[in-house]
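Fold and contact review
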Amino acid sequence: MELDFERCYRAVDSRDQRFDGWFYTGVTSTGIYCRPSCPAMTPKRRNVRFFPSAAAAQGAGLRACRRCRPDAAPGSPQWDVRADVVGRAMRLIADGVVDRDGVPGLAARLGYTERHLHRMLRAELGAGPLALARAQRAQTARILIETTGLGMAEVAFAAGFGSVRQFNDTVREVYAAAPSELRNAGGRAPVAGGPGTIALRLAYRPPLHSAALLDFLALRALPGVEEVRDGTYHRRLRLPHGAAEVALTPVAGHVAATLRLANMRDLAPAVARCRRLFDLDADPAAVDGTLAADPALAPLVAAEPGIRVPRAVDGFEMLVRAIVGQQVSVTSARTTLTHLLLPPPPTPASGDQEVCVAEPAPPGRKPLDQPGGWGFPSAEEVLGIVDRGFRMPAGRRETIRAAARAVVDGELDLDPGGDREETARRLLAVPGIGAWTAGYVAMRALGDPDVPLPTDLAVRRGAAALGLPDDPKTLDGYARRWRPWRSYAVIRLWRAA
């Protein structure tokens, strides 16, 4: 990835935090690398190198700055926007695929050879998949060292390292300190809440319109899965190694996150999914700049800067929500989905109308205020729900089952690293799924920033309220001026409606 020296240096000289995560500043005279917004004295030009990733800076022999903590910077917004192999690979690496399946597993998910994948990542980011995953492990290890009372051996394996020696060597190399020194320097006691509870800050590029984000999620919250209470979003997660519960509170400068994990190996995937849900790696300056160029949207952007697209922590869950939400109101869809989370009503026993036999509740389905449980049912669980558990038209029920079978059989990849065009094609091949549903899934589950949804009733109402054309075909043509951020325009039109 080409980095223009003059532009990068100006960002460093002005300590512009909008560029945090876009690139990293290496200072050869001190042997450290920093965020562009690091408050330290601006280094001399002759001592500066710029890197497209923290892994590339580490590969050049630099250690992370202890003052600005560049490893905790927001992720590059490129990996949200780009649908190419490198963008997909970065999203999968962030979700811990290399730690779980190795580089062969990552390459297989992307459909490329390991060698070609390594070559592409090196060309774009200055580091291969192992180095990128190693940088993420180092960040995970630091969080565990500073926020938990786990022994160092437990931290090593929870962070994804293959051995304690590898863990020690990596931490010393990246942070120029032994793990025990990081713990002592952190000065923080383990977080209250019991074993497995971690508190950390999730950085973002300002501005962040948190009220719009929480309003959107609160309106669609499902009992037993998620809720918004006192300015905090709570929900359950289904992670690779077990269940988790998260609480996310937007505050000035960051989102305060409290994670309760059944298995510490799930820390990196949990953080990645929380960041994705709140769209924390977006570049609001670029988005708002494009949308504000339209006189119809300019007042909205000025009044509410930093609107994000609420994403998803589970692609299959978002697909089910989209199917249920076809041609019904948000309130009706929420009611139908709530019934899907509950055990079906009892049925009369054969030959005795007075005795009822209740179906067993799906495993792990508990109210949000009770510990444990999985939250939203998986594709396998949905296939096990009897007809009476759906409470929706038969056609819609069968569409959900067909989609669940496609996910279980591996025919449908709804992970953020999936191929967006291929996923859309396969979604449209499922009976009962049309362009609106495929677009909604692309926007929220796959993170496509450029989905217009011109046939959506609320989008059309919002357009009409702003004096824009509300005919789907005409509106679709008009929306081209909002590229490549039409998904963000959709959120604003929904709010205008």
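Source: prediction; values computed, not measured. (Residues numbered from 1 in each chain as written. Predicted model: local features only at pLDDT ≥ 70, side-chain atom pairs only at ≥ 80, totals over all residues. Heavy atoms only, no water.)

1. A short note on the sheet that holds strand S3 (residues 48–51)
Strands belonging to one sheet form pairs held by backbone hydrogen bonds; the direction of such a pair is parallel or antiparallel. Strand order across the open sheet formed by four strands is S3-S1-S2-S4, with mixed pairing between neighbours. In this open sheet, the two strands that pair with only one neighbour each are S3 and strand S4 (63–64). In this fold helix H1 (residues 5–13) packs onto strand S1 (24–27) and S3, with an angle of close to 100° to the strand it touches most, S3. (Pairing = 2+ DSSP bridges. Helix = DSSP H or I, 4+ residues; strand = E, 2+ residues; numbered from the N terminus. Contact = heavy atoms within 4.5 Å. Axes fitted to C-alpha atoms, helices over the stretch in contact; angles between N-to-C directions.)

2. Some details on the pairing of strand S9 (residues 254–261)
Two strands pair when backbone bridges link them, and strand S5 (residues 197–203) and S9 are joined in this way by seven bridges, in the antiparallel orientation. Note that in S9 the partner of Ala203 across the bridge is His254. Taking the residues that link successive antiparallel strands as the turn, the strand S8 (residues 242–251)-S9 hairpin has two residues, and the phi of Gly253 there is positive, at about 90°.

3. Here's the deal with the confidence of the model for the protein
Should pLDDT be low for a region, the predicted coordinates there are not to be read in detail. Mean pLDDT for the protein: 90, with 91% of residues reaching 70 or above. Mean pLDDT across the elements of the protein ranges from a minimum in strand S11 (residues 352–357), with 40, to a maximum in helix H14 (residues 298–303), with 98. Here residues 351–365 is a poorly scored stretch, pLDDT under 50, and it has 30 contacts once near neighbours within four places are set aside; other chains count. (pLDDT = per-residue confidence, 0-100.)

4. Here we look at helix H19 (residues 420–428)
For H19, the set of buried residues is Arg420, Thr423 and Leu427. Each buried residue of H19 lies within a common arc of 65° when the element is viewed along its axis, so the set occupies one face. Contacts from the buried residues of H19 go to helix H3 (78–81), helix H4 (85–94), helix H15 (315–324) and helix H20 (435–444). Of the residues flanking the start of H19, the one acting as N-cap is Asp419, its side-chain oxygen 3.0 Å from the backbone nitrogen of Glu421. (Buried < 20%, exposed > 50% of the residue type's maximum accessible area, 1.4 Å probe, protein only. Arc of directions from axis to C-beta. Polar contact = N/O pair within 3.5 Å; in protein donor to acceptor, adjacent residues only side chain to side chain.)

5. What to know about the environment of Cys34
Position of Cys34 relative to the elements: it lies in strand S2 (residues 32–34). Since its relative accessible area comes to 6%, Cys34 is described here as buried. Sequence separation between Cys34 and Ala292 is 258 residues, and the spatial gap between their C-alpha atoms is 32 Å.

6. Comments concerning the pattern of salt bridges
If you walk through the whole model with that rule in mind, you get 30 salt bridges. Here Asp99 makes a salt bridge to Arg137, at a shortest N to O gap of 2.6 Å. Residue Asp99 is located in helix H5 (residues 97–110), and its partner Arg137 is located in helix H7 (residues 129–147); the two are separated by 38 residues in the primary sequence. Residue Asp99 is classed as partly exposed on the basis of its relative accessible area of 30%. Judged by relative accessible area, which is 11%, Arg137 ranks as buried. Put simply, Asp279 and Arg311 hold a salt bridge, and the shortest N to O gap is 3.4 Å. On the criterion of sequence distance, the pair formed by Asp279 in the loop between helix H12 (267–277) and helix H13 (284–292) and Arg311 in the loop between H14 and H15 is long-range, its members being 32 residues apart. Judged on exposure class, the residue Asp279 and its partner Arg311 are both buried. (Salt bridge = Lys/Arg side-chain N within 4 Å of Asp/Glu carboxyl O.)

7. What about the side chain of Arg88?
Tracing the chain through its elements places Arg88 in helix H4. At 2.8 Å, the side chain of Arg88 forms a polar contact with the backbone oxygen of Gly417. In this view, Arg88 contacts Ala83, Arg109, Leu110, Gly417, Gly418 and Asp419; residues no more than four positions away in its chain are not counted.

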